[in-house]
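Close look at the chain arrangement
Letter by letter, the chains look like this.
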Amino acid sequence: METGIRVFLLTQLGAAARRIGIAALLGLSVVNLSGCGLFGGEKEPPPLGAEAEEPSREAADQPVIEPQVERRRVRTPEIDNENFEAGGFVGILGIEDFGSSGVFGARLAYHINEDIFLEGSYGMAKAGTTSYERLGGGPRLLADEDREYRYYALNLGWNALPGEIFIGENRAYNSAFYVTLGVGGTDFAGDDRFTLNGGVGYRILINDWVAAHFDFRDYLFDIDILGEKKVAHNLEGSLGITMFF
Amino acid sequence: MARDRPPFGFGALLQIMVLLCISLSARADNFFTRLFQDDPLRQAVVADPFLDMHTGPGVGYPVFHVVGRGESIEIIKRRTDWFLVRTARGEEGWVGREQMLATLDTAGDPVSIRDPSREDYAARHWEGGAFIGRFDTGSEIALFMGYGLTDHLTAELTLANVFGSASNNFAATIGMNHTFAPEWWVSPYFGLGTGVIKINPKSTIISTEDRTDQLGYYSLGARGYVGRRFLLRAEYRGNVIFTSRNDNEELHEWKLGFAFFF
């Protein structure tokens, strides 16, 4: 490569020299070319008597040819790590006493090993009306903004039953039936409520990095909005799509 | 031969500049293609008698193909301890970490698969995770993020959500931890910090104003290295809330956490 550039430069040099008519420059370029190794430069042999004794002793210590091999530097490509999984879900959330509503949200998971994963999720829904409000024509129990249902959850998941599903003769998809358990908070009916949740899910990998999820979870929190304090069960069924990255 | 005109004509100079520009732009082009192009895949050669290829990234997935010694494979990606590889004939499957470690790279050395170790733990800077615990009589969920300034000192930011019987609180604190013996598997630490706490009294009890107070805390805790990039933490905090009333509130806080470093 370097020789190529050098030859190119020298050609340029030659052209310039022709144009201004300096014949001596050509001679210079020939001297330069000899440096490229194209023309082996002749060197005068050293006087024989001067080094006659020295090399015989050094020859034993030094190899005849000094190897000038440069070690090949190989950049090993990084292996793409895909332990995170992120995506969204839509579903139906049954809010105890307040009917069923549509719910949607996002999830982010980190797979620690083939069995265990950590998951964070956030969901949004809007509660409907209680039967008391609907049938009795009674006063509204909650203002509109208090019917907004927001939750977050930090969960631990276990891929209990990894497997494959087969569609037809030639298609197999990896899947896992998993169990989740976690804690979180729910903002509903004017208060933040400490929320426990547990559920099961089914993950089907459409390809190496896209998965479809079917989830069923129960969110439990204390509520006393209807007079007595009780544990409310809020069941959620959802369908999600996630991507591994 | 002394002459006023340089031996290089202007035309030649221009051509050299063009050449220089082309070589520079070629380099820049190379940079951009490297940036947007997918990296080449890592190659490996099977050194064990055989390499099992599973249909999925788990020990339970069946082995559907076996790669013999001397055959080369490409490593496409990794998920947890499993590697998706492609054989020369185009078959793709998942190989476990143990078997992957027994393959050789193109230079004939064992394939290097680096996982975070205790040395990385000692040299860590960032640490993040979640706590669950008790804050006074309420339940608490907290997220935290820390940055190691030295081996012993860590600056830490914590966001906590407390669900009490009379109020819900949201606290944001910033503090400094001193770890006594960072090289131990389980190392105790001591911390001091300050922050704000927003107290929302429960609406069903009484309709009162939310209030935000400043708080200070001291903490005692321990950090234990679990393996890879994971650690466990346990912490006690004594919180003093500087209220606008005559006396300050003192609240105890106990929590357990799971964290990872990077």
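Below is a short write-up of the structure.

Examining the overall build of chain A
When helices and strands are counted, chain A shows four helices and nine strands. When the helices and strands of chain A are placed in sequence order, the string is α-α-α-β-β-β-β-α-β-β-β-β-β. Counting the 245 residues in chain A, one finds 35% classified as buried. Long-range pairs, those at least 24 residues apart, make up 55% of the contacts in chain A between residues at least 6 apart in sequence. In the structure as shown, chain A presents an accessible area of about 15,200 Å², 60% of it carried by carbon and sulfur atoms.

Some words on the packing of aromatic side chains
Tallied over the entire structure, the rule returns 21 aromatic pairs over all chains. Among the aromatic residues, those joined into a ring-pair cluster are Phe84, Tyr110 and Phe245 of chain A together with Phe230, Phe258, Phe260 and Phe262 of chain B. Over the face of the ring belonging to Trp185 of chain B we find Arg118 of chain B, whose NZ or CZ atom lies 3.9 Å from the ring centre. Directly above the ring of Phe131 of chain B sits Lys255 of chain B, whose terminal nitrogen or CZ lies 4.7 Å from the centroid.

Thoughts on unusual backbone geometry
Of note in this structure, Ala189 of chain A is not a glycine but carries a positive phi near 50°. Residue position: Ala189 of chain A is located in the loop between strand 6 (171–188) and strand 7 (191–205). The class of Ala189 of chain A is buried, set by a relative accessible area of 4%. Of note, Thr80 of chain B is a non-glycine position whose phi angle comes to about 45°, a positive value. Secondary-structure assignment places Thr80 of chain B in the loop between strand 4 (72–79) and strand 5 (82–87). For Thr80 of chain B, a relative accessible area of 7% puts it in the buried group.

Notes on the sheet that holds strand 10 (residues 153–163) of chain B
Strand pairing within a sheet occurs via backbone hydrogen bonds; the two strands may be parallel or antiparallel. All names here are of chain B. Strand order in the closed barrel formed by eight strands is 8-9-10-11-12-13-14-15, and the pairing between neighbours is antiparallel. Between one strand axis and the next, the sheet turns through 25° on average, direction left out of account. Pairing between strand 13 (residues 211–227) and strand 14 (residues 230–242): 13 bridges, direction antiparallel. When the bridges of strand 14 are listed, Gly227 appears paired with Phe230.

Quick word on the sheet that holds strand 2 (residues 84–94) of chain A
Residues and elements named next belong to chain A. The eight strands lie next to each other as 2-3-4-5-6-7-8-9, forming a closed barrel whose pairing is antiparallel. Across the sheet, the axes of successive neighbouring strands diverge by a mean angle of 25°, strand direction being ignored. In this structure, strand 6 lies alongside strand 7, joined through 14 bridges in antiparallel fashion. Of the residues in strand 7, the one forming a bridge with Tyr178 is Gly201.

Reading the values: rules and limits
Residues numbered from 1 in each chain as written. Chains lettered and ligands numbered in written order. Predicted model: local features only at pLDDT ≥ 70, side-chain atom pairs only at ≥ 80, totals over all residues. Heavy atoms only, no water. Helix = DSSP H or I, 4+ residues; strand = E, 2+ residues; numbered from the N terminus. Buried < 20%, exposed > 50% of the residue type's maximum accessible area, 1.4 Å probe, protein only. Contact = heavy atoms within 4.5 Å. Areas by Shrake-Rupley, 256 points an atom, 1.4 Å probe, with all protein chains shown as cover. Phe/Tyr/Trp six-rings, centres within 6.5 Å; stacked < 30°, edge-to-face > 60°. Lys NZ or Arg CZ within 6 Å of the ring centre and 35° of its normal. Pairing = 2+ DSSP bridges. Axes fitted to C-alpha atoms, helices over the stretch in contact; angles between N-to-C directions.

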